[in-house]
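Residue-level listing of the chains:
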Amino acid sequence: MAKDKKMVEAITSMEEDFAQWYTDVVKKAELCDYASVKGCMVIKPDGYALWENIQNELDKRFKETGVKNVYMPLFIPESLLQKEKDHVEGFAPEVAWVTHGGLEPLQERLCVRPTSETLFCDFYAGDIHSYRDLPKVYNQWCSVVRWEKTTRPFLRSREFLWQEGHTAHATAEEAEERTIQMLKLYADFCEDFLAIPVVRGQKTDKEKFAGAEATYTIEALMHDGKALQSGTSHNFGDGFAKAFGIQYSDKDNQLKYVHQTSWGMTTRMIGAIIMVHGDNEGLVLPPKVAPTQVVIVPIRQNLEGVMEKTLEVKDMLSNFRVKVDDSDKSPGWKFSESEMRGIPVRVELGPKDIEAGQAVLVRRDTHEKITVAIDEIPAKVGELLETIQHDMFERAKAHRDAHTYDAHSLEEMKDIADNKPGFIRAMWCGCQECEDKLKEEVGVTSRCMPFKQEKLADTCVYCGKPATKMVYWGKAY
């Protein structure tokens, strides 16, 4: 295998240069490619298949909670965007503008949607009249444009794919309930489907969505110790409703403003999968999201009976996403290729195996080899895929827990931030000045105030005043 190892030498070791390792994996596994427009990407079939699996699973979970899909226009008139001041200020630096229609200058600039709050609000203002029209629980799958200065495939690009839910409710309580419900849905999805453990909590006022009353988040820890915001759910209260005049008549015929929510998850989750689970051989994909769950590699496939038996085994595995690598490459090359693409289980089948009525199964996550009787392959593969999914989550959770540190003083926090990549848990007084100072002096941002609060100390890690919250801090993507 020494010769075959050279086939993946093009992947930089993550210990040597994590950023380059990430780029190498994205390119070599053919998930995406650079586009002619700077900061944009071409999502290739294997990358898009990952997104389709994410999309299909999320969409199923959304619909189980009563969500309906709609589609809003790509363009937003500038006057509409200006209606909610805090919101537009939050997005102003990232907005792309259309100024001409054909050869003619437009009378009013059109924004290419960075998000669709204003479009949904404008629509709801005309569509909601009575309490009977509520709730509205809508979602759209689309792309958005944000003119980012620094880009990286999947993690931060000028155009990305996502879903954005926008709901309208009669009461503040209903809106809050939906906001928390969707955050829990995201957290369960990440942990159950992507095998990524997350911390659930609320953003500070400084970090919350512009125009929201409260932003809730799930935060994941990447292999290099940096945090990744992986899904957010916002309670807008009635602020947008007042700006856009979204009112309804209640049961007593009184006019009331609706209460709104918004929640989203993006293609950056593909980046999360790579950075939480990947290794120096390439991708390691959780079975539930993997486009191909099983690859069968025939050994000496030109010999009589090998391909026939291979196709027979493929038919036996029809309940899984399975493919046969019958290319003319060497078996060693095929092994390296399947590992680099992160396929959870590899079945090796050669003349001697067939003669003995067996095959070799190889786990991508641990490289463990298991010899199994051919007629037992389907049952064993099913069992293996479940085990791999479970083990990948447990490994990622153990990594996160081992890289989560408690700081009781500013000096301790600086030392951890400089020398131990990961989450830092520390107490905070609730003052934005301390939050700003920690970013400036320690180089960390508040990731979230976790729902599960612990009292690590009585005083704020920065100013020493009485603490109100335990906060997860960290360096982030």
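Higher on the page you've got the structure.
Attention in this report is confined to the structure presented alongside it. The structure presented is a predicted model; accordingly, all values stated were derived computationally and were not measured.

### Regarding the side chain of Lys203
Inspection of the secondary structure puts Lys203 in the loop between strand S9 (199–202) and strand S10 (214–221). A distance of 3.1 Å separates the side chain of Lys203 from the side chain of Gln229, its partner in a polar contact.

### Here's the deal with the pairing of strand S18 (residues 358–363)
Across the six residues that make up S18, a large majority, five, are buried. Bridge count between strand S17 (residues 345–349) and S18: four bridges; the pairing is antiparallel. Residue pairing in the sheet places Glu348 in a bridge with Val360 of S18. Taken together, the five bridges between S18 and strand S19 (residues 369–373) define a ladder with antiparallel strand orientation. If you follow Val360 over to S19, its bridge partner there is Thr371. Linking two consecutive strands that pair antiparallel, namely S18 and S19, is a turn of five residues; a positive phi of about 65 degrees is found at His367 within it.

### Quick word on the pairing of strand S14 (residues 259–266)
For S14, a buried count of eight out of eight residues is recorded, marking the element as mostly surrounded by other parts of the structure. Of the two faces of S14, both are covered, the one formed by His259, Thr261, Trp263 and Met265 as well as the one formed by Gln260, Ser262, Gly264 and Thr266. Bridge count for strand S8 (residues 159–169) against S14 is eight bridges, and the pairing is antiparallel. Directly across from His169, in S14, lies its bridge partner His259.

### Quick word on the packing of aromatic side chains
Scanning the model with the defined rule gives 16 aromatic pairs in all. Measuring from centroid to centroid gives 5.9 Å for Trp51 and Trp141, while their planes differ by 70 degrees, and the two rings are edge-to-face. Here Trp51, found in helix H3 (residues 45–64), pairs with Trp141, found in strand S7 (residues 136–145); they are 90 residues apart in sequence, far enough to count as distant. For the pair shown, Trp51 and Trp141 are each scored as buried. Relative to Tyr124, the ring of Phe120 lies with its centre 6.0 Å away and its plane at 50 degrees, an arrangement referred to as tilted. Placement of the pair is Phe120 and Tyr124 together in helix H6 (residues 117–127), with a separation of four residues, close to one helical turn. Classification of Tyr124 by relative accessible area gives buried; the value is 0%. Aromatic ring contacts, followed pair by pair, group Trp51, Phe62, Trp141, Tyr186 and Trp263 into a single cluster.

### Topic: the sheet that holds strand S6 (residues 104–112)
Read across the sheet, three strands follow the order S4-S6-S5 without closing on themselves; strand pairing throughout is antiparallel. Each of the sheet's edge strands pairs with one partner strand only, and the pair in question is strand S4 (75–77) and strand S5 (96–101). Within the sheet, the average angular offset between the axes of one strand and its neighbour, ignoring direction, is 45 degrees. For S4 and S6, the ladder comprises three bridges, and the chain directions are antiparallel. Note on S6: the bridge partner recorded for Ile76 is Cys111.

### Focus on the packing of H3 against helix H7 (residues 172–193)
It is at 11 Å that the axes of H3 and H7 come closest, and there the two elements cross at 135 degrees. By the angle between their axes, H3 is oblique relative to H7. As H3 runs across H7, the sense of the crossing is right-handed. In contact with Asn53, Ile54, Glu57, Leu58, Arg61 and Phe62 of H3, H7 contributes Met182, Leu185, Tyr186, Asp188, Phe189, Asp192 and Phe193.

### Examining the sheet that holds strand S15 (residues 294–298)
Backbone hydrogen bonds are what pair the strands of a sheet, in a parallel or an antiparallel way. If you walk across this open sheet you meet the five strands as S16-S15-S17-S18-S19, and the pairing is mixed. Whereas interior strands pair on both sides, the edge strands pair on one side only; in this sheet they are strand S16 (322–324) and S19. The sheet shows a mean angle of 25 degrees between the axes of neighbouring strands, taken without regard to direction. Taken strand by strand, helix H13 (residues 377–402) contacts S15, S17, S18 and S19, and its axis lies near 10 degrees from that of S18.

Parameters and conventions
Residues numbered from 1 in each chain as written. Predicted model: local features only at pLDDT ≥ 70, side-chain atom pairs only at ≥ 80, totals over all residues. Heavy atoms only, no water. Helix = DSSP H or I, 4+ residues; strand = E, 2+ residues; numbered from the N terminus. Polar contact = N/O pair within 3.5 Å; in protein donor to acceptor, adjacent residues only side chain to side chain. Buried < 20%, exposed > 50% of the residue type's maximum accessible area, 1.4 Å probe, protein only. Pairing = 2+ DSSP bridges. Phe/Tyr/Trp six-rings, centres within 6.5 Å; stacked < 30°, edge-to-face > 60°. Axes fitted to C-alpha atoms, helices over the stretch in contact; angles between N-to-C directions. Parallel < 35°, antiparallel > 145°, perpendicular 65-115°, else oblique. Left-handed = near helix turned anticlockwise from the far one by under 90°. Contact = heavy atoms within 4.5 Å.

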